[in-house]
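A look at the structure
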Amino acid sequence: MTMNNSIELKGLTKRYRDFTLGPVDLTLPGGAVLGLIGENGAGKTTLMKSMLGITRPDGGTVRLLGRDAAAAKGDIGVVLDDCFFYEGLRVKDVDAVLSGVYATWDGALFEAYLHKFSLDGAKQVKALSRGMRMKLSLAAALAHRPKLLVLDEATAGLDPVVRDEILDEFLNFVSDEEHAVLLSSHITSDLEKIADYIAYLHKGQLVLHDEKDRLLEEYGRLVCGGGELAEIEPSYLVGTRKGRFSAEALVRDREAFCRAYPKLTVERVTLDDIMVFVNREEQV
Amino acid sequence: MRGLIAKDFLCLRKSALSYGIVLAIYIALTVTGLWDVSFFAAFMAMLVGMLPYSCFSYDHAAKWNLYALALPVSRRQIVLARYGTVLIAAVAAVAVVLVFSGVMALMLDSIEWEVCIVSATAALGFSLLLNAIMLPLLYRFGAERAKLVFFSVLGGLVLIVALIVNYNVMQPGGKAVFLDLTDAIASLGAFGMLGAVTVAGIVLLVISYLISVRIYERIEL
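Residues numbered from 1 in each chain as written. Chains lettered and ligands numbered in written order. Predicted model: local features only at pLDDT ≥ 70, side-chain atom pairs only at ≥ 80, totals over all residues. Heavy atoms only, no water.

1. Focus: the overall build of chain A
Looking only at helices and strands, chain A has 11 helices and 14 strands in total. The C-alpha radius of gyration of chain A comes to 21 Å, within 12% of the 19 Å expected for a compact globule of 284 residues. By its C-alpha atoms, chain A is 65 × 40 × 40 Å across when sized along the principal axes. Each of the 284 residues in chain A was classed as buried or not, and the buried ones make up 54%. (Helix = DSSP H or I, 4+ residues; strand = E, 2+ residues; numbered from the N terminus. Rg over C-alpha atoms; globule rule 2.2 N^0.38 Å. Buried < 20%, exposed > 50% of the residue type's maximum accessible area, 1.4 Å probe, protein only.)

Have a look at this one:
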């Protein structure tokens, strides 16, 4: 175990009757943001819940901040895809509740976040919009000065302005090298903006896990004719999409591919492209 | 854990106004002499008996358990906090019954202080017994089926007590045994009864807590 690793999962497995997650091996060094991507039902939430001990894993080991998950929870801030405070509670009640849960809770910092996020402490949770509820969850997750943030679809359903504010907050948080963020999201443009690493879960299996920049460099999007596609060495192709007049493909090892096929044009990929074509590779 | 108990009471605050209005009506009816002090005690016992149902409903509505398990508390502590809430509420209810009936005893010569203690004892005993039964059922069946479970438990308790009393009284010599039993209870004195019920209630709650922990440890969220 490297002391710098904020997350270290080895062989993490969770079995349900109709779905199995893993075994997943995953590491996240301190000072970094890991974006977790995957289609609906791929196991992102299950991975986070198993990692945090919300649900019991069937196998594997979990080390968070160099400790067992249970021992590390006091240093972890969690934002799940909803606000879990009862609607009748007032915003400031969260302070009264969580100050009795976290040993390191900082009431003044919570107040500061409320102010920063323009949250009225006297308002009831039910009076808050989805964006404001997520901000409240984030304030609650940050006010005990965590070292690791685990965020499950924390930016889903938010408008671009609020999302940008929240992403800035994550970047501020991770500027400390002891801090790290695990963020699952379907909004891959958010991850392209802030993630250092990307992990792609597909049907419960981790099919990609690498530095984001390396992934975006490694892969390329090829648009060519159907005949040209047929002549390409299959080991370069991750997934293809054929139309009547043209074909598209995700190619790996972009530099080598460009050397081998200098006449073909390969564009930069997005995380969405990688997800779509990796999924297609399996369908083929 | 303190925070989890605080959360329960903060959620219950919403119901406090409606409970307060009913409480005021009960107080008015008792002060005017229309109702006996024991009715007031029974109401308080019922209030504490309903409390865990409300707590579980609020948790269910907010999916709180999912969040709670991500907090630095164990499942055992989560269950313990819920029992803490119930115990605090039960003690507060008994204190209210004692103070109110004591004031009534001072105001009205017709009420003896022993009656006040016995009323409080009955309230405490009933609320602790009800909670000791209800809490594991709530952990097992969840808040949605809790209302049905609550009234089934309440009806069952009344039926069992009625059957025991009737059966014992109808047996040959049963009336004598029953009277002996009531005499034995009465011989404890008001404070003795309060003490005995408190100890019995806490023992029941501890057993109930251990069962609830076993149930909650197995729940998959």
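2. Looking at a nonpolar patch on the surface
Nonpolar side chains collect at one region of the surface, where Leu87, Val91, Ile202, Val206 and Leu210 of chain B lie side by side and expose about 400 Å² of accessible area between them. Residue assignment for the nonpolar patch shows that the elements contributing at least two residues are helix H4 (75–107) and helix H8 (189–218) of chain B. (Patch = residues over 30% accessible without salt bridge, like charges linked within 9 Å, V, L, I, M, F, W, Y side chains within 5 Å. Areas by Shrake-Rupley, 256 points an atom, 1.4 Å probe, with all protein chains shown as cover. Salt bridge = Lys/Arg side-chain N within 4 Å of Asp/Glu carboxyl O.)

3. Re the confidence of the model for chain A
Mean pLDDT over chain A: 88, with 97% of residues reaching 70 or higher. Averaged pLDDT values over the elements of chain A bottom out at 75 in helix H11 (residues 271–283) of chain A and peak at 95 in helix H3 (residues 93–98) of chain A. (pLDDT = per-residue confidence, 0-100.)

4. Quick look at the interface of chain A and chain B
Across the contact, 28 residues belong to chain A and 26 residues belong to chain B. Carbon and sulfur atoms make up 58% of the surface buried where chain A meets chain B, a total of about 2500 Å² over both sides. The largest contributions to the chain A side of the interface with chain B come from Arg56, Phe84 and Tyr86 of chain A, which together make up 29% of the buried area. Taken together, chain A and chain B are joined by three salt bridges. Close ionic contact of Glu217 of chain B with Arg56 of chain A constitutes a salt bridge, the shortest N to O distance being 3.4 Å. Residue assignment for the side of chain A that touches chain B shows that the elements contributing at least two residues are helix H1 (44–52) and H3 of chain A. No other element matches H3 of chain A, which puts four residues into the side of chain A that touches chain B. (Contact = heavy atoms within 4.5 Å. Buried area = accessible area lost by both parts, 1.4 Å probe.)

5. Quick word on the domain arrangement of chain A
Residue and element names in this part refer to chain A. For chain A, the domain assignment lists domain 1 (5–212) and domain 2 (219–283). Domain 1 and domain 2 are separated by 34 Å when their C-alpha centres are compared. The interface of domain 1 with domain 2 comprises 12 residues on the first partner and nine residues on the second. Here domain 1 meets domain 2 over a buried area of about 910 Å², counting both sides, of which 68% is carbon and sulfur. The tally of links between domain 1 and domain 2 comes to zero salt bridges. Across the domain 1-domain 2 interface, the total number found is three residue pairs in polar contact (both at pLDDT 80 or more). (Domains from an automatic or database assignment. Polar contact = N/O pair within 3.5 Å; in protein donor to acceptor, adjacent residues only side chain to side chain.)

6. Comments concerning the pairing of strand E2 (residues 20–29) of chain A
All names here are of chain A. Two elements, strand E1 (residues 5–15) and E2, share seven bridges in a ladder whose sense is antiparallel. Across the sheet, Arg15 pairs through a bridge with Thr20, a residue of E2. Connecting the antiparallel pair E1 and E2 is a turn made up of four residues. (Pairing = 2+ DSSP bridges.)

7. A word on the side chain of Asn5 of chain A
Residue and element names in this part refer to chain A. Relative to the helices and strands, Asn5 is located in strand E1. What makes Asn5 buried here is its relative accessible area of 11%. Beyond its immediate stretch of four places on either side in the chain, Asn5 contacts Thr27, Leu28, Pro29, Gly30, Leu65 and Gly66.

8. Overview of the sheet that holds strand E12 (residues 237–242) of chain A
What holds strands together in a sheet is hydrogen bonding between their backbones, with the strands either parallel or antiparallel. All names here are of chain A. Sheet architecture is open: four strands sit in the order E12-E13-E11-E14, paired in antiparallel fashion. With one partner strand each, in any of the chains shown, E12 and strand E14 (266–268) form the two edges of the open sheet. Direction aside, the axes of adjacent strands within the sheet are offset by 25° on average. (Axes fitted to C-alpha atoms, helices over the stretch in contact; angles between N-to-C directions.)

9. What to know about the side chain of Lys135 of chain A
All names here are of chain A. Relative to the helices and strands, Lys135 is located in helix H5 (residues 130–142). Residue Lys135 is classed as buried on the basis of its relative accessible area of 6%. Looking at Lys135, its side chain comes within polar contact range of the side chain of Glu165, at 3.4 Å. Contact partners of Lys135, with chain neighbours within four places excluded, come to Phe117, Leu119, Val162, Glu165 and Ile166.

10. Observations concerning the nonpolar core
Residues and elements named next belong to chain A. Judged by nonpolar contacts, the single largest core of 151 residues is most densely connected at Leu64, Phe85, Leu98, Leu136 and Ile274. Mapping this core onto the domain boundaries places at least three of its residues in each of domain 1 (5–212) and domain 2 (219–283). Each residue touching Ile274, except ones within four places of it in the same chain, is listed here: Tyr200, Leu208, Leu215, Leu216, Tyr219, Leu250 and Val269. Counting residues in hydrophobic clusters, the runner-up holds 13 residues, among them Leu222, Tyr236, Leu264 and Val266. (Core = buried A, V, L, I, M, F, W, Y, C linked by side-chain atoms within 4.5 Å.)

11. Section: helix H6 (residues 160–174) of chain A
Residue and element names in this part refer to chain A. The first and last C-alpha atoms of H6 sit 21 Å apart over 15 residues, in line with the 21 Å expected at 1.5 Å per residue. Looking at the buried residues of H6, the elements they touch are strand E3 (33–37), helix H4 (107–116), H5, strand E7 (148–152), strand E8 (180–184) and helix H7 (188–194). A side-chain oxygen of the first residue of H6 lies 2.9 Å from the backbone nitrogen of Val161; this N-cap is Asp159. (Expected span 1.5 Å × (residues − 1).)

12. Things to note about unusual backbone geometry
Residue and element names in this part refer to chain A. The backbone phi angle of Ser118 is positive, close to 55°, even though this residue is not glycine. Along the chain, Ser118 falls in the loop between H4 and H5. Of note in this structure, Glu153 is not a glycine but carries a positive phi near 50°. Its location among the elements puts Glu153 in the loop between E7 and H6.

13. Some remarks on the pattern of salt bridges
All names here are of chain A. Within this structure, the stated rule accounts for 23 salt bridges over all chains. With a closest N to O distance of 2.4 Å, Glu248 and Arg221 form a salt bridge. With Glu248 in strand E13 (residues 247–251) and Arg221 in strand E11 (residues 220–224), this pair connects stretches of sequence that are 27 residues apart. A salt bridge links Arg221 to Glu267; the nearest nitrogen and oxygen atoms lie 2.8 Å apart. You can see Arg221 sitting in strand E11 and its partner Glu267 sitting in strand E14, a full 46 residues away along the chain. Classification of Glu267 by relative accessible area gives partly exposed; the value is 37%. Beyond isolated ion pairs, a larger network of salt bridges with shared partners links Arg221, Arg241, Glu248 and Glu267.

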